[in-house]
Amino acid sequence: RNARAQASLAEDVLDVSRIISGKLRLAMRRVDLVDSVRAALDAVRPAAQAKGIDIDAVVGSDMLLMGDPDRLQQVCWNLLSNAVKFTPDGGRVEVRVLRTDSQLEMRVRDTGPGIAPEFLPQLFERFRQADSSTTRQHRGLGLGLAIVRHLVELHGGRVSAESAGPGSGATFVVRLPVSPVGLTVEEEPAGPDRPAAVGAARREAPRLTGIRVLVVDDEADVRDLLEQVLGRFGAEVRTVGSAQAALDAVQQWRPDVMLGDIGMPNEDGYTLIRRVRTLPPEKGGLTPAAALTAYGGEENRMRALAAGYQLHLAKPILPHELAEAVSGLALSTRAR
Ligand SMILES: Nc1ncnc2c1ncn2[C@@H]1O[C@H](COP(=O)(O)OP(=O)(O)OP(=O)(O)O)[C@@H](O)[C@H]1O
Ligand SMILES: [Mg+2]
């Protein structure tokens, strides 16, 4: 057990030197955060059992995002192992994974000593430990949270800690963005130092030339990303930021395909598609449409289909999958 602890200390020190030299890279792919959390839970369970600490985990399913699975597991493991390490025997640790339309949130809460308000701001700095005396009770170098913060930020996320003060436990919250379209290494947009024709996926990608795609999303950067990705496949793209603007564009611009977000203020994507479907065919009432949403799972899929979408696409989707979906929807009208 001691040998394992030594190995992980050495790994942490290596990670920190990679962070400092800017050499820590992520191997991004589409991952389910639930798998990372479960793997980390399995790893800390023996330590929790030895201390009689009850771990209560409610993590759901289908929590997809673009990320590095090993590094996400390391984030979860660090937070969970801190919770177990600093919580006294017989305590309790709670883990929750939640999703909103654009981000995933993981919370780790414990019933341990908590964190003094004056220490909170330094918590994520290297080698910072609340108890730095040589006689302190717990092992460790004080690197875990610095690594966590760096890894979370590399994923475009944020980590924060809350504590009502000594004696009242601590809560750590990790928020990770769910990009609508995940760009993998081979599918990054072409740039000055990145020629367009890399990767087999690109060459086999469906062409969307001449296909009009209406993108509906309340977030401007999501609209820009979708416009850029679909544009690369040759689609003619128009973007709007609300259900009302989408309804107007469906009637006036007559897109071949509508691609819509579900979670939007005022009118959501369900209301939008219901209103589109009440239009007469010559006004775009039959426009094929896909819901692009972070709310995955069978129940949400059925809800989207029942409201009038032909397809329910879970974020993050890979660019060529998105192009295939759009191309399929466009063909479905041409066949009519
Ligand atoms: N759940 C928690 N409850 C109370 N204090 C915590 C908790 N998590 C972290 N801390 C405080 O933050 C400090 C830094 O945590 P961090 O994980 O970076 O270091 P460590 O656990 O001491 O060592 P290492 O992770 O390198 O083995 C800890 O030493 C502790 O004082
Ligand atoms: Mg730690």
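Scoring rules and cut-offs
- Residues numbered from 1 in each chain as written.
- Chains lettered and ligands numbered in written order.
- Predicted model: local features only at pLDDT ≥ 70, side-chain atom pairs only at ≥ 80, totals over all residues.
- Heavy atoms only, no water.
- Near = heavy atom within 4 Å.
- Polar contact = N/O pair within 3.5 Å; in protein donor to acceptor, adjacent residues only side chain to side chain.
- Areas by Shrake-Rupley, 256 points an atom, 1.4 Å probe, with all protein chains shown as cover.
- Helix = DSSP H or I, 4+ residues; strand = E, 2+ residues; numbered from the N terminus.
- Nonpolar A, V, L, I, M, F, W, Y, C, P; charged D, E, K, R; others polar.
- Pairing = 2+ DSSP bridges.
- Axes fitted to C-alpha atoms, helices over the stretch in contact; angles between N-to-C directions.
- Contact = heavy atoms within 4.5 Å.
- Buried < 20%, exposed > 50% of the residue type's maximum accessible area, 1.4 Å probe, protein only.
- Core = buried A, V, L, I, M, F, W, Y, C linked by side-chain atoms within 4.5 Å.
- Phe/Tyr/Trp six-rings, centres within 6.5 Å; stacked < 30°, edge-to-face > 60°.

Q: I keep staring at the site of ligand 1 and nothing clicks. Help me out?
A: In the vicinity of ligand 1 there are 20 residues, among which N82, K85, D110, Q129 and L143 approach most closely. Contacts to ligand 1 include N82, whose side-chain N or O atom sits 2.8 Å from an oxygen atom. D110 is positioned such that a nitrogen or oxygen atom in its side chain is 2.8 Å from a nitrogen atom of ligand 1. Across the complex, the protein chains shield 93% of the 590 Å² of accessible surface that ligand 1 would expose by itself. Where the shell around ligand 1 is concerned, the elements lending two or more residues are α3 (69-86) and α4 (144-154). With four residues, the single largest contributor to the shell around ligand 1 is α3. Each residue belonging to the shell around ligand 1 can be placed in one class, and the counts come to 11 nonpolar, six polar and three charged.

Q: Would you explain the sheet that holds strand β7 (residues 171-177) in this entry?
A: The pairing of strands in a sheet comes from backbone hydrogen bonds and takes either a parallel or an antiparallel form. In space, the five strands of this open sheet follow the order β2-β4-β5-β7-β6, with mixed pairing throughout. At either margin of the open sheet sits one strand with a lone partner, and together these are β2 (54-58) and β6 (158-162). Each strand of the sheet is rotated relative to its neighbour by a mean of 10°, with strand direction disregarded. Note: β6 against β7, five bridges, orientation antiparallel. In the sheet register, S160 faces β7, and the bridge partner there is V173. In this fold α3 packs onto β2, β4 (92-99), β5 (103-110) and β7, with an angle of close to 20° to the strand it touches most, β5.

Q: What should I look at first to understand α4 in this one?
A: Helical geometry note: an α-helix holds 3.6 residues per turn, so side chains three or four residues apart project in the same direction. Listing the buried residues of α4 in full gives G144, L145, A146, I147, V148, L151 and V152. Backbone geometry just after α4 places G156 at a positive phi near 80°.

Q: Where do I start with the sheet that holds strand β9 (residues 236-240) in this structure?
A: If you walk across this open sheet you meet the five strands as β9-β8-β10-β11-β12, and the pairing is parallel. Taken across any chain shown, the strands that pair with only one partner, and hence form the sheet edges, are β9 and β12 (311-314). Across this sheet, the average inter-strand angle for adjacent strands is 20°, counted without regard to direction. With four bridges joining them, strand β8 (residues 212-216) and strand β10 (residues 257-260) adopt parallel strand pairing. Within β10, the position partnered with L214 by the bridge is M258.

Q: What's the story with unusual backbone geometry in this structure? I'm lost.
A: Peptide bonds are mostly trans, and most non-glycine residues show a negative phi. The amide bond that connects K315 to the next residue, P316, takes the cis arrangement and shows omega of -5°. Following the sequence through the fold, P316 ends up in the loop between β12 and α10 (319-334). The phi dihedral of N266 falls on the positive side, at around 60°, and the residue is not glycine. Looking at the element boundaries, N266 is found in the loop between β10 and α8 (269-277).

Q: What's the story with the nonpolar core in this structure? I'm lost.
A: For soluble globular proteins, the rule of thumb is that nonpolar side chains tend to be buried together. L33, V37, L79, V93 and F172 are the most contacted members of the largest nonpolar core, which has 48 residues in total. Elements with a contribution of two residues or more to this core: α1 (2-20), α2 (33-50), α3, β4, β5, α4, β6 and β7. Beyond its immediate sequence surroundings of up to four residues, F172 is in contact with L79, M106, R107, V108, I115, L123, F124, L145, S160 and A161. In this structure, V213, L226, A323 and V326 belong to the second largest nonpolar core, which totals 25 residues.

Q: How should the packing of aromatic side chains be read in this particular structure?
A: Each pair of aromatic rings is reported with the distance of its centres and the angle of its planes. Taken as a whole and judged by the stated rule, the model has one aromatic pair. Between F124 and F172 the ring centres are 6.2 Å apart and the planes differ by 80°, which places this aromatic pair in the edge-to-face class. Of the two residues, F124 is situated in the loop between β5 and α4 and F172 in strand β7; the sequence distance between them amounts to 48 residues. Since its relative accessible area comes to 9%, F124 is described here as buried.

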